[in-house]
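A structural walkthrough
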Amino acid sequence: MLEKYLDINPEVKKALEEGRPVVALESTIISHGMPYPQNVATALAVEQIIRDNGAVPATIAILGGVLKVGLTEAEIDHLGKAGNVIKTSRRDIPFIIAKKADGATTVASTMIIAALAGVKVFATGGIGGVHREAQETFDISADLQEFAHTNVAVVCAGAKSILDIGLTLEYLETYGVPVVGFKTEELPAFYTRKSGFGVDYKVEDEKELAEAIKAKWDLGLNGGVVIANPIPEQYQMDYDTINNAIENALKEAKEQGIKGKESTPFLLAKVKEITGGASLDSNIKLVFNNAEVAAKLAVELAKLQ
């Protein structure tokens with residue numbers, strides 16, 4: 001039944017069958033995160049970093065209503081150029097399949113499709129979370145519920161700093177999702193290495209991380225793992241500069257009545273505009289860094305199978 005919906009790239013399929021390391025990648029960063037051709041160049045560079053570190057990349061998207069695990073260069077280029085690609089979370093998947101449409105996967109939907117294919121490690125930029133003023137709006141990303149029950153380890157640069165990071169951590173704690181700092185005791189906040197919030201556990205290398213993740217799933221403790229990997233120091237943005245830009249962007253979003261799934265793309269675009277493009281440069285560098293750690297983690301997990 002699953003084969004009807006799922007198309008796994010032959011290279012990815014072979015790697016999975018042989019127990020070799022595979023790393024999932026999302027596609028909203030291609031269709032909604034950056035302008036063309038920078039988006040395509042970044043996606044291909046991320047795939048190369050994963051290869052250079054011993055794993056097989058599997059960029060995930062929905063094309064013509066088919067769940068694709070591992071895209072060709074032509075398919076990545078199509079996603080980067082096409083203007084009608086739907087930003088796809090859990091609720092959207094069945095309707096995009098039914099309409100035979102193109103969908104770019106968020107953290108939540110990438111986790112779902114990766115898990116269907118048997119991919120255990122996923123590299124992204126930053127995770128979604130509880131939005132500021134969520135106690136009034138109830139604006140909470142579907143990413144968090146996915147972490148609660150989908151067995152995929154996600155390497156990220158922490159939670160996007162446009163969110164309420166404290167409430168995001170509280171939500172994850174309620175659902176038993178470990179938030180692990182990779183060589184850090186402080187949760188990074190996407191563009192910066194600090195947030196003022198601690199992590200649950202600090203790990204020093206990918207081997208220790210792989211052993212903990214394997215133990216979690218071996219014991220039937222279902223759900224994902226948030227692996228918070230700070231942006232390299234030389235690429236982080238000034239803490240005050242980025243927070244001032246975010247405050248201004250949030251104010252503008254409120255004035256324009258922007259909410260729900262439109263809010264994150266609007267806020268990130270606004271922050272990019274306010275920072276003169278510096279935030280986009282940081283975004284690219286942190287994704288590269290996450291891809292490297294994810295590939296090394298996938299290698300260590302494969303050794304334990």
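Keep in mind it's a predicted model, so treat the numbers as computed, not measured. (Residues numbered from 1 in each chain as written. Predicted model: local features only at pLDDT ≥ 70, side-chain atom pairs only at ≥ 80, totals over all residues. Heavy atoms only, no water.)

Turning next to the overall build of the protein. Along the backbone of the protein there are 13 helices and 11 strands. Its C-alpha atoms put the protein at 50 × 40 × 35 Å along the principal axes. Classification of the 305 residues of the protein by burial places 55% in the buried group. Pairs at least 24 residues apart make up 74% of the contacts formed inside the protein by residues separated by at least 6 positions. Taken as a whole, the protein presents about 13,500 Å² of accessible surface, with 51% of it coming from carbon and sulfur. (Helix = DSSP H or I, 4+ residues; strand = E, 2+ residues; numbered from the N terminus. Buried < 20%, exposed > 50% of the residue type's maximum accessible area, 1.4 Å probe, protein only. Contact = heavy atoms within 4.5 Å. Areas by Shrake-Rupley, 256 points an atom, 1.4 Å probe, with all protein chains shown as cover.)

Tallying each qualifying case throughout the model produces 16 salt bridges. Among the ionic pairs, R91 bridges to D92, the shortest N-O distance being 3.7 Å. Looking at D92, the relative accessible area reads 14%, which means it is buried. When the shortest N-O distance is used, the salt bridge between K214 and D218 registers 2.7 Å. Linking K214 with D218, this pair stays in helix α10 (residues 206-218), spanning 4 residues, or about one helical turn. Among the residues examined, K214 registers a relative accessible area of 23% and is labelled partly exposed. D218 sits in the exposed class, given a relative accessible area of 55%. (Salt bridge = Lys/Arg side-chain N within 4 Å of Asp/Glu carboxyl O.)

To continue, consider the UniProt feature "active site" (unreviewed entry) in the protein. Under the present numbering, the feature "active site" (unreviewed entry) in UniProt falls on E26 and K160. Put simply, the named residues that line the largest cavity are E26. Structurally, the position occupied by E26 is in the loop between β2 (22-25) and α2 (28-31). In terms of polar contacts, E26 uses its side chain to reach the side chain of T28, at 2.4 Å. Along the polypeptide, K160 turns up in the loop between β8 (153-156) and α9 (165-174). Classification of K160 by relative accessible area gives buried; the value is 15%. (UniProt positions renumbered as here; feature names shortened; annotations may be inferred. 1 Å grid on protein atoms, 1.4 Å probe; cavity = no way out; pocket = protein on both sides within 12 Å on 5 of 7 lines; lining within 4 Å. Polar contact = N/O pair within 3.5 Å; in protein donor to acceptor, adjacent residues only side chain to side chain.)

Across the two faces of strand β11 (residues 225-228) the burial is the same, with V225 and I227 and V226 and A228 all buried. Pairing of β8 with β11 involves 4 bridges; the strand directions are parallel. The residue bridging C156 from the neighbouring strand is A228, located in β11. Examined bridge by bridge, strand β9 (residues 179-182) and β11 share 3 bridges and lie parallel to one another. Residue V179 lies in a different strand from β11, and its bridge partner there is V226. (Pairing = 2+ DSSP bridges.)

Before going further, it helps to spend a moment on the layout of surface pockets. By volume, the largest pocket is sized at about 930 Å³. Around the largest pocket, the lining comprises 43 residues; the ones closest to its centre are K87, T106, K160, T264 and P265. At the level of elements, α2, β5 (86-88), α8 (142-149), α12 (263-274) and α13 (278-304) are the ones that each hand at least two residues to the lining of the largest pocket. With 6 residues, the top contributor of residues to the lining of the largest pocket is α12. Of the residues assigned to the lining of the largest pocket, the class counts are 15 nonpolar, 18 polar and 10 charged. Every element with two or more residues in the lining of the second largest pocket is listed here: α11 (239-256) and α12. With 5 residues, α11 is the largest single contributor of residues to the lining of the second largest pocket. (Points joined across faces, edges and corners; volume = space filled by probe spheres on them. Nonpolar A, V, L, I, M, F, W, Y, C, P; charged D, E, K, R; others polar.)

This next bit is on empty space enclosed by the protein. If a probe as big as a water molecule is rolled over the atoms, it shows which places are left empty. The final tally for this structure, using the stated rule, is 2 cavities of 30 Å³ or more. Taken as a whole, the largest cavity spans an internal volume of roughly 130 Å³. Considering the residues around the largest cavity, the lining is formed by 13 residues, among which L25, E26, I29, V46 and V287 are closest to the centre. Of all the secondary-structure elements, those providing two or more residues to the lining of the largest cavity are α2 and α3 (38-52). The biggest single contributor to the lining of the largest cavity is α3, with 4 residues. Here the residues of the lining of the largest cavity are counted per class, giving 7 nonpolar, 5 polar and 1 charged. Its boundaries defined by the atoms lining it, the second largest cavity holds a volume of some 30 Å³. As for the second largest cavity, its lining consists of I127, G158, A159, T168, L169, L172, V179, L187 and V226. Per-element tally for the lining of the second largest cavity: the top contributor is α9, with 3 residues.

Attention shifts here to the confidence of the model for the protein. Looking at the protein, pLDDT values average 93 and 100% of them are 70 or higher. Averaged pLDDT values over the elements of the protein bottom out at 77 in α12 and peak at 99 in β2. (pLDDT = per-residue confidence, 0-100.)

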